[in-house]
Amino acid sequence: DTEQTESAIFGEINYQATENLSVTLGARFYEYEVESSSAVDFPIYNTLFEGAGPTEVNLAFDTIKAKDDGSLFKFNASYQFSDDVMGYATISEGFRIGGSNGVAACPDDVAESGFQNVCALPDEALYEPDTTTNYELGFKSTWFSNQLHFNAAVFMVEWDNAQVAGATFYGQQPITSNAATAESSGIEISSRAMLSDSIIAYATYAYTNA
């Protein structure tokens, strides 16, 4: 059983610095709390080797809690070079909340117990939030009386505490765990051309190095 509570306050402010330059600032302040209760039993094993009844199931629920709070920020500047060409730059942050994997914690003597178990070690029970810092520089444009659209952007994403799929050491239960860092960068280009009143052609290209 898992209960998750999340709250946040967020907003953006836009400032028209000049006739051509627009600046946007954004922020998000958040907090969350996760409470998870779980248990595991081995009725077949306990019936055969521990003297339990054939229909007996014993569940001792264990509760695990996780909470965190933080802030995210965004900056964007766009410049209108002409009525048909606009350039922009953006720096923003993102995150996913952490939480519980919903697997009961291992007993202290799990390594010496000598029987099968399905449980989470201390670093497997919970996983932390992961965050990204995103950078993007690009432009949008139209040409020939709006008959050709051409947009392009370069970007880089820095990923910290990445949430990845894993498994518990005892019982191989699927869990989410945190890796270290990752980075992704690339370029995206898109275009649209009105070749005639009836024919529209599109061309796109993207390259990513992660």
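Everything below is about the structure shown above.
This write-up is about the structure you can find in this document.

Re the state of the cysteines
Structurally, a disulfide amounts to a covalent bond that connects the sulfur atoms of two cysteines. Throughout the structure, instances matching the rule amount to one disulfide. A disulfide bridge connects Cys106 with Cys119, and the sulfur atoms are separated by 2.0 Å. Because the torsion about its S-S bond is 90°, the bridge between Cys106 and Cys119 counts as right-handed. Here the residue Cys106 occupies a position in the loop between strand 5 (99–100) and helix 2 (122–125), and Cys119 occupies one in the loop between strand 5 and helix 2, the gap between them amounting to 13 residues.

Remarks on the environment of Ala125
Considering the arrangement of structural elements, one finds Ala125 in helix 2. Note on Ala125: relative accessible area 7%, which makes it buried. Put simply, Ala125 and Val57 are 68 residues apart on the chain and 23 Å apart in space, counted from C-alpha to C-alpha. Among all residues touching Ala125, those that are not within four sequence positions of it are Ile64, Gly99, Ser100, Asn101 and Ala120.

Regarding the pattern of salt bridges
Oppositely charged side chains may form a pair once their charged atoms are brought near each other. With the rule as written, the count across this model stands at three salt bridges. For Glu12, the salt bridge identified is with Lys74, shortest N-O distance 3.0 Å. Here Lys74 lies in strand 3 (residues 62–80) and Glu12 lies in strand 1 (residues 2–16), a separation of 62 residues in the sequence. The exposure class assigned to Lys74 is partly exposed, which follows from its relative accessible area of 31%.

Quick notes on the side chain of Ser184
Its place among the elements puts Ser184 in strand 11 (residues 181–194). Taking relative accessible area as the criterion, Ser184 reaches 18% and is therefore assigned buried. Apart from the residues within four sequence positions on either side, Ser184 is in contact with Phe155, Met156, Val157, Thr208, Asn209 and Ala210.

Thoughts on a negative patch on the surface
Residues Asp1, Glu3, Glu31, Glu33 and Asp69 make up a contiguous surface patch of negative charge. Here Glu3 lies in strand 1.

Quick word on the pairing of strand 2 (residues 21–38)
Sheet topology places strand 1 next to strand 2; 15 bridges connect them, and they run antiparallel. Paired with Gln16 across the two strands is Ser22, which belongs to strand 2. Where strand 1 folds back onto strand 2 in an antiparallel hairpin, the turn is made up of four residues. Relative to strand 3, strand 2 is paired through 18 bridges, and the arrangement is antiparallel.

Rules and cut-offs
- Residues numbered from 1 in each chain as written.
- Predicted model: local features only at pLDDT ≥ 70, side-chain atom pairs only at ≥ 80, totals over all residues.
- Heavy atoms only, no water.
- Disulfide = S-S within 2.5 Å.
- Helix = DSSP H or I, 4+ residues; strand = E, 2+ residues; numbered from the N terminus.
- Buried < 20%, exposed > 50% of the residue type's maximum accessible area, 1.4 Å probe, protein only.
- Contact = heavy atoms within 4.5 Å.
- Salt bridge = Lys/Arg side-chain N within 4 Å of Asp/Glu carboxyl O.
- Patch = residues over 30% accessible without salt bridge, like charges linked within 9 Å, V, L, I, M, F, W, Y side chains within 5 Å.
- Areas by Shrake-Rupley, 256 points an atom, 1.4 Å probe, with all protein chains shown as cover.
- Lys, Arg positive; Asp, Glu negative; His and termini not counted.
- Charge placed at Lys NZ, Arg CZ, Asp CG, Glu CD.
- Pairing = 2+ DSSP bridges.

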